[in-house]
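Given next are the chains, with one letter for each unit.
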Amino acid sequence: MKKLSLLFFILFLPCALWSGPSLFLNSVSPFPDVSVNRTADRIQTESGPVVLTGTVSDASTGERLPAATLLIDQTYRGTTTNQDGVFTITADSLPVTLIVRYIGYEPERVTVTEADSHDSLLVLLRPAVTEMQEIVVTGDDPGLSIMELVINRKQLWREKLRAYEATAYTRQVLANDTSIVSISESASIAYWDAERGRREKQLFKEQTSNIGEDQNFAGVSYFPNFYDDDITISGFRMVGVTHPDALSYYRFSLLETTMMEGKPVYKIAVSPRRTLQPLFEGTVWVLGRDYALLEVDLKPNDVVRFPPPVQEFELSYRQQFSNYGGEFWLPVDMRIEGHIRIGMIGLQFPSIRLSQISQISDYIVNQPLPDELFEQNQLFISLPDTVRLTEPVGMARIPLSREEEDAYASIDSTVTLEKAFQPEGFLTRFIDNENQERETRSGSRFSGKLGSVAPIAGYNRIDGYKAGLSWRSPQTLPGLRLTLNGSYSFNREELDYGVQIRQRISGIRSRPQLYLNGRFNRGTDARLHSGFYPQFSNGVVMLFGGNDYFDYFHNERMEVSAEVRRLYRNLAIETGLRLEKNRSYAQELTQNYSLFGNHSPRRLNPAIDDGNLNSVFLELSLNSQPNSYGAAGRNQLIVTAENSGGLLSSDFDFTHLSGSFELRFPTFYQRRIFSNTFHLTGKAGVTLGTLPLQRYGVIDGSKNIFSPFGTLRTRKGIPYEGDRYWMLGAEHDFQSIFFERLGLQWFVEKGTGIILFAAAGQSGSDRDRTPYQPMLTEGVHSEAGVSLNRIFGVARLDAALRIDRPGWFFGISVPRYF
């Protein structure tokens, strides 16, 4: 696959590691002059620093202690050790006193003088003594009473915390099953305002040579603060362990008590009270007397999961806090470990292993932040090259581990993410690869210097077999796209051809965008236009004995139009003129054929209303998106008006108005990224005057055993049609809630869900039905049913019962994912 592994990386890495799905919603600010002086002053204060290095180890065993915290006494500056127990910290001057802490050990105060600064420091910590006597409480578990005090204390000091500024360092490591694939680092200044949110100035970036700076997403503004009331993990909005109502959501159980600096430290187990809500589980450590969080070691519960093709999804979070001798308990670091496995039948990716380590230091608390930081809705703020650093001099940087040092030395530009996450399975043969031919391919279109060429192939009962080519011009002229196509019908023994010109008038990034379009086509056209069943797949079904869903006529059509896009958000308007010559095909052309002769006799192709059909049209679309066949919900609206009359020298006189929409609403379990969702779709059309048969509207039904959302599933065979029509469809996606309630974990792990659906529609026509009899509903067609969704992650099983009269449907469709 061409860059498919990179696509998965971009999609899932930010979603898994960070506190919100806003990576691509919050881009880097383009203005370079925001608070430059403030940043420069901050960097200047670090001139002439003294860098101290060393290790922190267990005094008894010599085992090195990862994630130990080191604070410079009477300052907001600190750091943590890496996974090898190694640290570096910068002091403004000497002597300096370091306070070294590690949960479960006695803290150590180390004074460093000028004589010590040239050597690597060795800090030895002694295990703390476990206290058998615990706090005296009555009734519930002591852990509950302790956490109640933590929550109450937090409410007091959190009200006084209005803003802070701090230096930050982040490192993200991506690995597969065997080795590190990439490393990205950043050093920055982080800002937090209680009312206006977060901002971050990235002063320094570095990454392995196989990724670019634009793929370096390292930053602290994404990671969660476990002292927040609500915490968003991978799109799931979760109740934090210090939320005012946390006691209603969690069980807190006291495990043990140790002593630290004469104060008890309580180790408390955290488990969810509610089985269907995304919550955390794990362990927290609370400092007695202050009743403040010292550290959390938490992971999301089993409710936090993703549907196929995600097969495994695991995350864990460790975060430490310190008050730096003051009133406010602030984050010291964040360590995230994650594991994601993606695959489906015939396609399996290597494991994606994620790790992030971040630390925040040098806090400036409750000082006014510059207003220009928040003038634009940009999370990251870029800085001019004169201010950005080539090395994070004077800023806290967690040392690389030995494995990370080796990765930096060995990874070069040839170790691409595509190679590192190359999938396996029989479906990989259909995926483009960088080692394939130089000729690139997009879908079935082959590209080169002279443009791109795509084959045309198909079958229907009028054309028989049809074959040809489509050529698209290279983008040598700005904004111009020319397409030519030609194909031969072996049954009609005629050549069909067409040309399309599209010229962009405005700039590619301008708003709004203006296009001029011109089209001409001569050949077979479908009388009814389905929104769900492509003519190519219809032809394949026919060759294997299925029925033809469409009727056909000959059309010479010329169209010119002007199109304006991005008028307001995703609003687009197109208006133009159509000149058509429509004529019926002789019924004798109907071909009675299939590959194995196992078909029912083909129905005769009906005649249309022959003549010149000249019209003007106007189409308005809001948030128009490609049809996902029910795989993903959409919010869109399309309205179309077409008028044909004597002033246009047309043989027809009518005005036809039509429209369609689709909406989605989250309903239950909205704290989940994939909440229960209600989907609604509809379409309608009405005509003033006499609408020719070749302009009739259509209400799609099922095609064989396939029928996606937006169709009437119990309408089998050819679709309903008419010069007036309406259709409404609704379904509620309950995800896997029913199976969770019933304790059927196998279905839950496979992502299987339940969907309830209903639909109704009606079509009509006042014209004489002879000689052609259009398929009308004869009243309101109504139905309801249930679906088993995401069977093995790749299918949806539908069962529907017709309500207005006897009828049923049992078939498959595209699974709903979103």
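Residues numbered from 1 in each chain as written. Predicted model: local features only at pLDDT ≥ 70, side-chain atom pairs only at ≥ 80, totals over all residues. Heavy atoms only, no water.

**Observations concerning the overall build of the chain**
Next, step 1: Each helix and strand in the chain was counted, giving nine helices and 46 strands.
Next, step 2: Here the chain holds 818 residues, and the buried ones make up 51% of them.
Next, step 3: Restricting the contact set of the chain to residue pairs at least 6 apart, pairs at least 24 apart contribute 64%.
Next, step 4: Summed over all atoms, the accessible surface of the chain reaches about 37,400 Å², with 55% contributed by carbon and sulfur. (Helix = DSSP H or I, 4+ residues; strand = E, 2+ residues; numbered from the N terminus. Buried < 20%, exposed > 50% of the residue type's maximum accessible area, 1.4 Å probe, protein only. Contact = heavy atoms within 4.5 Å. Areas by Shrake-Rupley, 256 points an atom, 1.4 Å probe, with all protein chains shown as cover.)

**Focus: the pattern of salt bridges**
Next, step 1: Under the criterion given, the structure shown has 51 salt bridges.
Next, step 2: In this structure, Glu574 and Arg519 form a salt bridge, with 3.9 Å as the shortest nitrogen-oxygen distance. Here the residue Glu574 occupies a position in strand β33 (residues 571-583), and Arg519 occupies one in strand β31 (residues 513-526), the gap between them amounting to 55 residues.
Next, step 3: The class of Arg519 is partly exposed, set by a relative accessible area of 24%. (Salt bridge = Lys/Arg side-chain N within 4 Å of Asp/Glu carboxyl O.)

**Focus: the packing of aromatic side chains**
The geometry of an aromatic ring pair is captured by two quantities: the separation of the ring centres and the angle between the planes.
Next, step 1: Using the criterion set out here, one finds 25 aromatic pairs in the structure.
Next, step 2: Note on Tyr459 and Tyr593: the rings are 5.9 Å apart at their centroids and 55° apart in plane angle, and the pair reads as tilted. Of the two residues, Tyr459 is situated in strand β27 (residues 451-460) and Tyr593 in the loop between β33 and β34 (611-622); the sequence distance between them amounts to 134 residues.
Next, step 3: Judged by relative accessible area, which is 28%, Tyr593 ranks as partly exposed.
Next, step 4: The lysine or arginine in question, Arg565, covers the ring of Tyr515, its NZ or CZ lying 5.8 Å from the ring centre. (Phe/Tyr/Trp six-rings, centres within 6.5 Å; stacked < 30°, edge-to-face > 60°. Lys NZ or Arg CZ within 6 Å of the ring centre and 35° of its normal.)

**Here's the deal with the pairing of strand β10 (residues 163-175)**
Next, step 1: Counted residue by residue, β10 has 13 buried out of 13 residues, so it is predominantly covered.
Next, step 2: Side chains of β10 alternate between two faces, with Ala163, Glu165, Thr167, Tyr169, Arg171, Val173 and Ala175 and Tyr164, Ala166, Ala168, Thr170, Gln172 and Leu174 buried alike.
Next, step 3: With 11 bridges joining them, β10 and strand β23 (residues 352-365) adopt antiparallel strand pairing. Directly across from Thr167, in β23, lies its bridge partner Ser361. (Pairing = 2+ DSSP bridges.)

**What to know about the sheet that holds strand β4 (residues 78-80)**
Next, step 1: Here we have four strands laid out as an open sheet, ordered β4-β3-β6-β7, and antiparallel in their pairing. Looking at the sheet topology across the chains shown, the edges are occupied by β4 and β7 (108-112). Pairwise comparison of adjacent strand axes, ignoring direction, gives a mean angle of 20° for this sheet.
Next, step 2: Alignment of strand β6 (residues 96-101) against β7, held across five bridges, turns out to be antiparallel. By the bridge assignment for β7, Thr97 is matched with Thr111. (Axes fitted to C-alpha atoms, helices over the stretch in contact; angles between N-to-C directions.)

**Side note on the layout of surface pockets**
Next, step 1: Quantified by volume, the second largest pocket comes out at close to 680 Å³.
Next, step 2: Along its surface, the second largest pocket is lined by 32 residues, and Gln83, Arg335, Glu337, Ser355 and Gln356 are the ones closest to its centre.
Next, step 3: Among the elements that make up the lining of the second largest pocket, the one with the highest residue count is strand β19 (residues 310-322) (six residues).
Next, step 4: Here the lining of the second largest pocket is composed, by residue class, of 11 nonpolar, 11 polar and 10 charged. (1 Å grid on protein atoms, 1.4 Å probe; cavity = no way out; pocket = protein on both sides within 12 Å on 5 of 7 lines; lining within 4 Å. Points joined across faces, edges and corners; volume = space filled by probe spheres on them. Nonpolar A, V, L, I, M, F, W, Y, C, P; charged D, E, K, R; others polar.)

**A word on the nonpolar core**
Next, step 1: Ranked by internal contacts, the top residues of the largest apolar core, which has 75 residues, are Phe226, Tyr250, Ile268, Val284, Val286 and Leu293.
Next, step 2: Examining the composition of this core, we find that six residues originate from one element, helix α3 (residues 142-158), more than from any other.
Next, step 3: When neighbours within four sequence positions are excluded, Val286 is seen to be in contact with Ile146, Met147, Val150, Pro264, Val265, Tyr266, Ile268, Tyr291, Ala292, Leu293 and Leu294.
Next, step 4: Formed by 19 residues, the second largest nonpolar core is a distinct cluster that contains Leu70, Ile72, Ile89 and Val110. (Core = buried A, V, L, I, M, F, W, Y, C linked by side-chain atoms within 4.5 Å.)

**Brief notes about the sheet that holds strand β8 (residues 121-125)**
Next, step 1: One open sheet holds the three strands; their spatial order is β5-β2-β8, and the pairing between them is mixed. Looking at the sheet topology across the chains shown, the edges are occupied by β5 (86-91) and β8. Between one strand axis and the next, the sheet turns by 35° as a mean value, whatever way the strands run.
Next, step 2: Alignment of strand β2 (residues 50-58) against β8, held across five bridges, turns out to be parallel. Bridge assignment links Ser57 to a residue of β8, and that residue is Leu124.

**Section: a nonpolar patch on the surface**
Next, step 1: On the surface, Tyr465, Tyr488, Phe490, Leu495, Tyr497, Phe536, Val540, Phe544, Leu595 and Phe596 cluster together into a nonpolar patch covering about 1,000 Å² of accessible area.
Next, step 2: Only β30 (494-504) and α7 (535-543) provide two or more residues apiece to the nonpolar patch.
Next, step 3: Mapping Leu595 onto the fold places it in the loop between β33 and β34.
Next, step 4: Take Leu595: its relative accessible area is 38%, and that puts it in the partly exposed class. (Patch = residues over 30% accessible without salt bridge, like charges linked within 9 Å, V, L, I, M, F, W, Y side chains within 5 Å.)

**Notes on α7**
Next, step 1: Along α7, the residues classified as buried are Asn538, Gly539, Met542 and Leu543. End-on view of α7: buried residues confined to an arc of 135°, all on one side of the axis.
Next, step 2: Each element contacted by the buried residues of α7 is listed here: β27, β28 (464-472) and β32 (552-565).
Next, step 3: Phi turns positive, to about 105°, at Gly545, one or two residues after α7. (Arc of directions from axis to C-beta.)

**Some remarks on the side chain of Ser650**
Next, step 1: Locating Ser650 in the fold gives a position in the loop between β35 (636-644) and β36 (654-666).
Next, step 2: Ser650 gets classed as buried once you look at its relative accessible area, which sits at 13%.
Next, step 3: Filtering out sequence-adjacent residues up to four positions away, Ser650 remains in contact with Asn612, Leu613, Asn614, Ser644 and Gly645.

**A look at the environment of Phe532**
Next, step 1: The topology assignment puts Phe532 in the loop between β31 and α7.
Next, step 2: Look at Phe532 and you get buried, because its relative accessible area is 15%.
Next, step 3: Linking Phe532 and Pro708, residues 176 residues apart in sequence, is a C-alpha distance of 7.6 Å.

**Regarding empty space enclosed by the protein**
Next, step 1: If you walk through the whole model with that rule in mind, you get eight cavities of 30 Å³ or more.
Next, step 2: Counted as a void, the largest cavity has a volume near 160 Å³.
Next, step 3: For the largest cavity, the lining is made up of 14 residues, of which Tyr164, Trp192, Arg198, Val220 and Ile360 are closest to its centre.
Next, step 4: Per-element tally for the lining of the largest cavity: the top contributor is strand β11 (residues 180-193), with three residues.
Next, step 5: Per-class residue counts for the lining of the largest cavity are nine nonpolar, two polar and three charged.
Next, step 6: If you go around the second largest cavity, the residues you meet are Phe236, Val303, Arg305, Phe306, Pro307, Arg672, Phe674, Gln735, Ser736, Glu740, Gly751 and Arg790.
Next, step 7: Broken down by class, the residue content of the lining of the second largest cavity amounts to five nonpolar, three polar and four charged.

**A few points about unusual backbone geometry**
Next, step 1: Put simply, Leu94 and Pro95 share a cis peptide bond, and its omega is 0°.
Next, step 2: Mapped onto the fold, Pro95 is located in the loop between β5 and β6.
Next, step 3: The backbone phi angle of Tyr291 is positive, close to 45°, even though this residue is not glycine.
Next, step 4: Classification of Tyr291 as buried rests on a relative accessible area of 15%.
Next, step 5: Its identity as a non-glycine residue notwithstanding, Asp362 has a phi of 55°, on the positive side.

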